Each structure stands twice: as C-alpha cells, then as structure tokens.
Amino acid sequence: MLKSLIVVNGVRYSKEWSFILECRNKGIPQSIYLRNGFVDTKLEISDTFQRNSAISKQSSCKDEKPEKSKFIFNLYGSEWQELPDNLREQTYLKEWHIHKTLIHTIPGYIQMFEDMKILDMAQNKITCLPPEIGCLRNLRELNVSFNNLKDIPPELGDCENLGKLDISGNLELTELPFELSNLKKVTFVDLSANKFSSIPICVLRMSSLQWLDISRNNLKDLPQDIDRLEELETLLMQKNIITYLPLELTNLSHLKLLVVSGDKLVEIPSALEENPSLKYVKLLDNPLEGNEILDIENEEENNQDREQFEKEFMKSYIKDLVARGKVHKISMYLGVHFHLCTVFSNWARN
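Reading the values: the criteria
- Residues numbered from 1 in each chain as written.
- Predicted model: local features only at pLDDT ≥ 70, side-chain atom pairs only at ≥ 80, totals over all residues.
- Heavy atoms only, no water.
- Core = buried A, V, L, I, M, F, W, Y, C linked by side-chain atoms within 4.5 Å.
- Buried < 20%, exposed > 50% of the residue type's maximum accessible area, 1.4 Å probe, protein only.
- Helix = DSSP H or I, 4+ residues; strand = E, 2+ residues; numbered from the N terminus.
- Contact = heavy atoms within 4.5 Å.
- Salt bridge = Lys/Arg side-chain N within 4 Å of Asp/Glu carboxyl O.
- Pairing = 2+ DSSP bridges.
- Phe/Tyr/Trp six-rings, centres within 6.5 Å; stacked < 30°, edge-to-face > 60°.
- Lys NZ or Arg CZ within 6 Å of the ring centre and 35° of its normal.

Trainee: What am I meant to see in the nonpolar core here?
Mentor: One recurring pattern in soluble globular proteins is that nonpolar side chains are buried together. If you look at the biggest cluster of nonpolar residues, it comprises 63 residues, and the most contacted ones within it are Trp96, Leu142, Leu212, Leu245 and Leu258. Residue assignment for this core shows that the elements contributing at least two residues are strand S3 (72–76), strand S4 (95–99), helix H4 (201–204) and strand S11 (257–261). Here the element with the most residues in this core is H4; it accounts for three residues. With residues up to four places along the chain from it excluded, the contact list for Leu142 reads Leu119, Leu129, Ile133, Leu156, Leu162, Lys164, Leu165 and Asp166. Membership of the second largest hydrophobic core comes to 10 residues, among which are Leu257, Met314, Tyr317 and Ile318.

Have a look at this one:
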C-alpha cells in the first residue's frame, strides 16, 4: 500500500514505523518520542514513559474540570472485551470515547443515553451497529472508524442532528442505506479505506456536506449529479481508479480543495485546472526505480494499521502541500526524499 509513498532510506523509515506502532500500542503521546521534530527510536523513552505513566494520569485527572468530566466516559486498552456492567446506569453521559479495545458489540441499551452528543469508538473490533443507535437524536459526532463493520443500519438516518460521520477504515463496507439521506446537518463524511465502487446516493443527498473523503476505495467514476453537493468545499479521492473527472465538478462553486490520483486520469475539465480559487492536487505514483522501499507488507501489523498510517500520513502530506502551494494547481510525485522527510516529521509532531 505504501510502496509508492515512502521511498529512499527504507531501513530508517522501517525502524521509525515499527517504533511508532509500539509507542501507539502502549498509549505513549507522540511528543514523548520526538526530539527536534524527528522520531527518536531509543527505547528508553518508552521505558521512562511507562514508569511515569501513573503519575501523568493522576496529574491529568486533577487538571480536568470535574463538571465536564463526569459527563464523559473513557475506555482504552486491549484488556477490555466488553463494556463494564455499570455503564448502563450512567445514562446522563454525553460522550463515549472508547479506543483500541477488543469490544465487538455496542449494546442496545445505548438508546437510553438520550443526551449523547459524541460517540467515538474508533479502533475497536465492532462488527455491527445496533438499530437502537437511531434513538440518539442529540448525537453530533459518530466515529466508528477502523472497526470491522460490514454494513450500517438504516436507523442511523434518524440521528437528525448528526454533523460528523467517520466510518473509514472498515475495509469491507460497500454501500450505505438510502435512509442516511435524512442527515441534512452532516458537514463531514469520511468513507475512506473501504470498498465503495461509487459515491453512495445518500451522500449525494446530504445537502450541508462540506468535506467528503472517499479516498482508497474502488471508485471508477463520479456521478453526474455530484453537483448536488452545493456546499462541498473539500473532496479527497486519491487511491481510486478514476479515469476522468466530470464537467459537473465545475458547478461546485464552494469547492476549495480537490485531491485525486493522477496516473489513470485521461480527461480533466480545463475549468478545474484554470480555477484560481481551487487547490487542485494530483498525486502521481513514484516514477523512480532502484531505491530502497519500505515494504509494509512484511510488517506484522494488519491491514487496518497500514491503512491508518497512510491515512494520517496523507492527511499531513496534503495539508503541507496546500500550505506550500502558491498556485492553484499542484502536481506532485510521491516520494521526493527531502519533502517526505519534512512531512514525515510534521506528521509525527502533530
């Protein structure tokens, strides 16, 4: 997956990548293992952090405002295979933040959490969402990225106040129920790293949508009615197999950032490339040969780890490109050594 992305000094990046994964698995903040903006692979940093972790947790608890924290539920770590029994009694909670556990189900009693605003359950083992999730009428953000979801319940469309939806990195999602068309307040949708062959019809009906990431899917083309997304500002489509961009894209008057993979593109509306208000980023595969390449396929981490790494890396990469870009069109080969070193350190620092 990253063979075209990280080129030159493959051994060094392999070591850094392995160390980053180890620190992530131990819950170590990135600032702990960075020196001067670069990854420090001395393992004593990890050991020092573990010795001081108890003290850090105590101090952070003291700093947290009690009136806010009592409405927030946090759970982290692979020792958790199911939610604690007493959680069902805490229906006053407004936020769940559950990360990197082995939990595979969300219980139906979630419907009793009527004040829930944020349901953040990224990087777990969740296989399905309960239909009762539709009872969360005050839900503002739903993040179930990097789980094992294969479908989304139509009842999610009843969450009328939802503004942010992230279901990226589930790898097997191929479609969304039409009922999600009712999500008229959604401004952010992330469908990346799945198996969508087209933009779901329901997404095209989300009239307030401003950010759409559907990168790393199986898109071959874009629908002609994509201009229904009148408020769209950011469209990320890299790592698909799109051969042309429809003229209708030029009707998106609010579009500010368009990112595509350029190798297979044979037709691009000239109005897109000539639009001075549009940041148009065309990412090309690396043309260089004979360099050492980081072979992520030989790493023991699973596909989701690789997808998440690329997702975060590309987010920083694109952000850096746009920040540097003085013109409206940016066409860049992936793998320029100096630039990638800079972006890698920026990504790790952030």
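Trainee: Please clarify how the pattern of salt bridges should be interpreted in this entry.
Mentor: As a working rule, side chains carrying opposite charge can pair if their charged atoms are close by. Under the defined criterion, the tally for this structure stands at five salt bridges. Across the pair Arg216 and Glu307 runs a salt bridge whose closest N-O atoms are separated by 3.0 Å. Within this pair, whereas Arg216 is found in the loop between strand S9 (211–213) and strand S10 (234–236), its partner Glu307 is found in helix H6 (residues 303–324), the two being separated by 91 residues in sequence. You can call Arg216 buried: its relative accessible area is 6%. Among the residues examined, Glu307 registers a relative accessible area of 10% and is labelled buried. Within this structure, Asp190, Asp213 and Lys311 form a network of salt bridges that share partners.

Trainee: So what exactly am I meant to see when it comes to the pairing of strand S12 (residues 279–284) here?
Mentor: Each regular strand displays side chains that alternate between the two surfaces of the sheet. Of all the six residues making up S12, five are buried; the element is thus mostly covered by neighbouring parts of the structure. Looking at chain direction, S11 and S12 are connected through five bridges and run parallel. Opposite Ser261, over in S12, you have Leu283 as the bridge partner.

Trainee: I would appreciate a short explanation of the environment of Met206 in the present structure.
Mentor: Position of Met206 relative to the elements: it lies in the loop between H4 and S9. Along the sequence, Met206 and Asn182 sit 24 residues apart, while their C-alpha atoms lie 7.4 Å from each other. With residues up to four places along the chain from it excluded, the contact list for Met206 reads Leu180, Leu183, Val186, Val189 and Leu229.

Trainee: Explain the pairing of S4 here, please?
Mentor: In terms of residue burial, S4 counts as a mostly covered element, since four of its five residues are buried. In terms of strand pairing, S4 meets strand S5 (residues 118–120) through three bridges, oriented parallel. Bridging across to S5, Trp96 finds its partner in Leu119.

Trainee: For this particular structure, what's the right way to read the packing of aromatic side chains?
Mentor: In this description, an aromatic ring pair is defined by two values, namely the gap between the centres and the angle between the planes. Under the criterion given, the structure shown has five aromatic pairs. Ring centres of Phe71 and Tyr92 lie 6.3 Å apart, and the angle between their planes is 80°; on these two criteria the pair is classed as edge-to-face. Note that Phe71 is positioned in the loop between helix H3 (66–69) and S3 and Tyr92 in the loop between S3 and S4, a separation of 21 residues in sequence. Since its relative accessible area comes to 25%, Phe71 is described here as partly exposed. A network of ring pairs unites the aromatic residues Phe73, Trp96, Tyr109 and Phe113 as a single cluster. Seen from the ring of Phe71, Lys94 lies directly overhead, with NZ or CZ sitting 4.9 Å from the centre. Directly above the aromatic system of Phe188 lies the positively charged group of Lys164, at a separation of 4.9 Å from the ring centroid.

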